[in-house]
Amino acid sequence: MRPDSEQYLKTWFDTTMNSTWKTPNDVKQTYVNASILKDNRIVFNIKGNSYRLVTKFNFEKQWVFIRFIGTHSEYDKINANTI
């Protein structure tokens, strides 16, 4: 992760910490370009899609687990449904 991406991740973190999303569709209202996967996994585009952030949400407990952060090409080498 390059230093110029740090602010984009901080913005995502701050937004997530200050949200009370109850469903994946709630997340989509904030992040329209997020990709909803199975099992409450959501992929976010960071810094104009230069990076991908794969998360797994527990909406009931308001927890989010970061499963992967990497470049778009690194993302293409993983399975976001299982990582």
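The structure we're discussing is the one just above.
Residue positions are given per chain, counting from 1 as you read along its sequence in written order. Local features are withheld for residues below a pLDDT of 70 in this predicted model, meaning they are given only at 70 or higher, and side-chain atom pairs are given and counted only at 80 or more; totals for whole chains, interfaces and linings count all residues. Side-chain metrics rest on all non-hydrogen atoms present in the structure, leaving aside hydrogens and water.

1. Here's the deal with helix α1 (residues 6-17)
Between the first and last C-alpha of α1 there are 16 Å, a value that for 12 residues agrees with the 16 Å anticipated at 1.5 Å per step. Here the term buried applies to any residue with accessible area under 20% of the maximum for its type, exposed to any over 50%, and partly exposed to those in between, with areas from a 1.4 Å probe on protein chains only. Numbering of helices and strands starts at the N terminus; helices are DSSP runs of H or I of at least 4 residues and strands are runs of E of at least 2. For α1, every residue scored as buried is listed here: L9, W12 and T16. Projected onto a plane normal to the axis of α1, the buried residues spread over an arc of 60 degrees and lie on a single side. Where α1 is buried, its residues touch β2 (41-46), β3 (51-58) and β4 (63-71). Given the number of residues in a helix, its expected span is that number minus one, multiplied by 1.5 Å. Here the arc refers to the directions that run from the helix axis out to each C-beta atom. Pairs of residues are marked as contacts when any of their non-hydrogen atoms sit within 4.5 Å.

2. Looking at the environment of R41
Relative to the helices and strands, R41 is located in strand β2. Along the chain, R41 and T82 lie 41 residues apart, while their C-alpha atoms are 9.4 Å from each other. When near neighbours in sequence (up to four residues on either side) are disregarded, R41 contacts S35, I36, T55, K56, R67, A80, N81, T82 and I83.

3. A short note on unusual backbone geometry
The phi torsion at N40 lies on the positive side, around 60 degrees, for a residue other than glycine. Tracing the backbone through its elements, the reader meets N40 in the loop between β1 (35-36) and β2. With a relative accessible area of 33%, N40 lands in the partly exposed category. In this structure, Q62 takes a positive phi of about 60 degrees despite not being glycine. Secondary-structure assignment places Q62 in the loop between β3 and β4.

4. Concerning the packing of aromatic side chains
Geometry of aromatic contacts follows a simple scheme: Phe, Tyr and Trp rings, the Trp one being its six-membered ring, pair when their centres are within 6.5 Å, and the pair is stacked under 30 degrees between planes, edge-to-face over 60, tilted otherwise. Overall, the coordinates contain eight aromatic pairs when judged by the stated rule. Ring geometry for W12 versus F44: centroids 5.4 Å apart, planes at 65 degrees, classification edge-to-face. With W12 in helix α1 and F44 in strand β2, the pair connects residues that are 32 residues apart, well separated along the chain. Centroid distance W63 to F65: 6.1 Å. Interplanar angle 90 degrees. Geometry classified as edge-to-face. The partly exposed category is assigned to F65, whose relative accessible area is 41%. Each residue in the set W12, W21, Y31, F44, F57 and F59 is aromatic and connected to the rest through ring pairs, giving one cluster. Positioned over the ring face of Y75 is R52, at 4.6 Å from the centre of the ring. Charge over a ring is defined by NZ of Lys or CZ of Arg lying within 6 Å of the ring centre and within 35 degrees of the ring normal.

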